[in-house]
Amino acid sequence: DKEKLILELEYFYEILQRYNVDLHFVKPSKKHPWQMYTRDTAFVIYDTLYFSQTRERSDRIGEIDMLLKSISAFRSSKIVEISGGKIEGGDVLVDTDCIYVGMSNRSSNQAIEELAGYVPIYPIHLGDRIMHLDTCFPILPKKNALIFRDAFKKNDLDNLSRRFNLIEVSGLEARRMATNVLVINPEVIIMHKDFKRIAGIVEAKGIKVESVDFSEPNSLLGSFRCATLPLQRFS
């Protein structure tokens, strides 16, 4: 339902602006039907934007060109192209002292190894059945994280459990995009309204949850995190 989708997106933007998020919109391209999900087009680590022209889906090639035309926040010296393999922003999680990168359906070992030449990373092997790392492991404020355990190898689970308070989500919740939440600031996250169980656990840890209807973007297999690309990181 295109009309409903637009209304849900507009309400999402209103909430972000309520929390003083400065929004920049990419000029739309009819050639790129998945352009709404900007997270995967590029990613920012500290003060540098990284991207790969190679994408798993051929109809997403060229999205980066539209993005670079639409933002002026980065000097050319702070824009890095990963030239070998493919890598998408949904596989890159920036924590305060560590950068987690998923080897998944959408990001290749070659690209991840190239990224490791620029910044220290912690690679996590997910296999071809997982779309992105953030579909099974989003980092929340106050050293909490949601996790779908079945996506991870035991050694990675052990390491993550030492660093985070892990909140488990079920396979059904993960498939319905429960893990695709957006951290607005160190006190607030935004989550789809249907996941009341998870929201209750998160709020009990002192984190405010903004519950929003995002059913139309979710039906296209993308949610709040997918629909945003942070250009400035303070951690």
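Above this text is the structure in question.
Anyway, here's the lowdown on the structure attached to this text. (Residues numbered from 1 in each chain as written. Predicted model: local features only at pLDDT ≥ 70, side-chain atom pairs only at ≥ 80, totals over all residues. Heavy atoms only, no water.)

### Thoughts on the layout of surface pockets
Heads up, the condition is: A 1.4 Å probe that fits into a set of points on a 1 Å grid over the protein atoms alone but cannot get out defines a cavity; an open set with protein on both sides within 12 Å along at least five of seven lines defines a pocket, and lining residues are those with an atom within 4 Å of a point. Grid points are joined across faces, edges and corners, and a volume is the space filled by probe spheres set on the points. Gly is put with the polar residues, along with every residue not named as nonpolar or charged; the nonpolar set is Ala, Val, Leu, Ile, Met, Phe, Trp, Tyr, Cys and Pro, and the charged set is Asp, Glu, Lys and Arg.
Estimated volume of the second largest pocket: approximately 480 Å³. Contributing to the lining of the second largest pocket are 14 residues, with Arg129, Ile130, Thr135, Phe148 and Arg175 lying nearest its centre. Within the lining of the second largest pocket, the residues separate by chemical class into nine nonpolar, two polar and three charged.

### Some remarks on the pairing of strand β5 (residues 99-103)
Which entries qualify depends on this criterion: Working definition: with a 1.4 Å probe on protein chains only, accessible area under 20% of the residue-type maximum means buried, over 50% means exposed, and in between means partly exposed. A run of H or I in DSSP counts as a helix once it spans at least four residues, and a run of E counts as a strand once it spans at least two, with each numbered from the N terminus. For two strands to be treated as a pair, DSSP must find no fewer than two bridges joining them.
Counting buried positions over the five residues of β5 gives five, a clear majority of the element. Taking every second residue as pointing to the same face, both faces of β5 are buried, with Ile99, Val101 and Met103 on one and Tyr100 and Gly102 on the other. Examined bridge by bridge, strand β4 (residues 92-94) and β5 share three bridges and lie antiparallel to one another. The partner of valine 92 across the bridge, within β5, is valine 101. Between β4 and β5, which follow one another and run antiparallel, lie four residues.

### Some details on the sheet that holds strand β12 (residues 208-212)
Rule in force here: Axes, fitted as lines to C-alpha atoms, cover a helix only where it is in contact. Angles between the N-to-C directions of the axes lie from 0 to 180 degrees.
With mixed pairing, three strands are arranged side by side in an open sheet as β10-β11-β12. A strand with exactly one partner marks an edge of an open sheet, and here the two such strands are β10 (182-185) and β12. With strand direction ignored, the average angle separating the axes of adjacent strands in the sheet is 30 degrees. Sheet topology places strand β11 (residues 188-192) next to β12; five bridges connect them, and they run parallel. Bridged to isoleucine 190 within β12 is glutamate 210.

### Observations regarding the packing of aromatic side chains
For any pair of aromatic rings, geometry is given as the distance between the ring centres together with the angle between the planes. Selection criterion: To pair, rings of Phe, Tyr and Trp, with the six-membered ring standing in for Trp, must have centres within 6.5 Å; the planes then decide the type, stacked if under 30 degrees apart, edge-to-face if over 60, and tilted in the middle.
One pass over the full model with this rule turns up 13 aromatic pairs. Through a chain of ring-to-ring contacts, the aromatic side chains of Phe12, Tyr13, Phe25, Phe214 and Phe224 assemble into a single cluster.

### Quick word on helix α4 (residues 154-163)
Counted only if it meets this: The arc under discussion is defined with respect to the helix axis, by the directions toward the C-beta atoms. Here, residues are in contact when the closest pair of their heavy atoms is within 4.5 Å.
Those residues of α4 that fall on the buried side of the exposure criterion are Asp156, Leu157 and Leu160. All buried residues of α4 fall inside an arc of 100 degrees around its axis, so they share one side. The exposed set on the far side of α4, more than 90 degrees from its buried face, consists of Lys154 and Arg162. If you follow the buried residues of α4, they end up packed against β5, β6 (122-125), β8 (144-147) and β9 (165-168).

### Observations regarding the pairing of β8
Burial of the side chains of β8 extends over both faces: Asn144 and Leu146 are buried on one face and Ala145 and Ile147 on the other. Where strand β7 (residues 139-140) and β8 come together, two bridges link them in antiparallel fashion. For isoleucine 139, the partnering residue across the bridge sits in β8 and is alanine 145. Between the end of β7 and the start of β8, which pair antiparallel, lie three residues, with lysine 142 showing a positive phi angle near 60 degrees.

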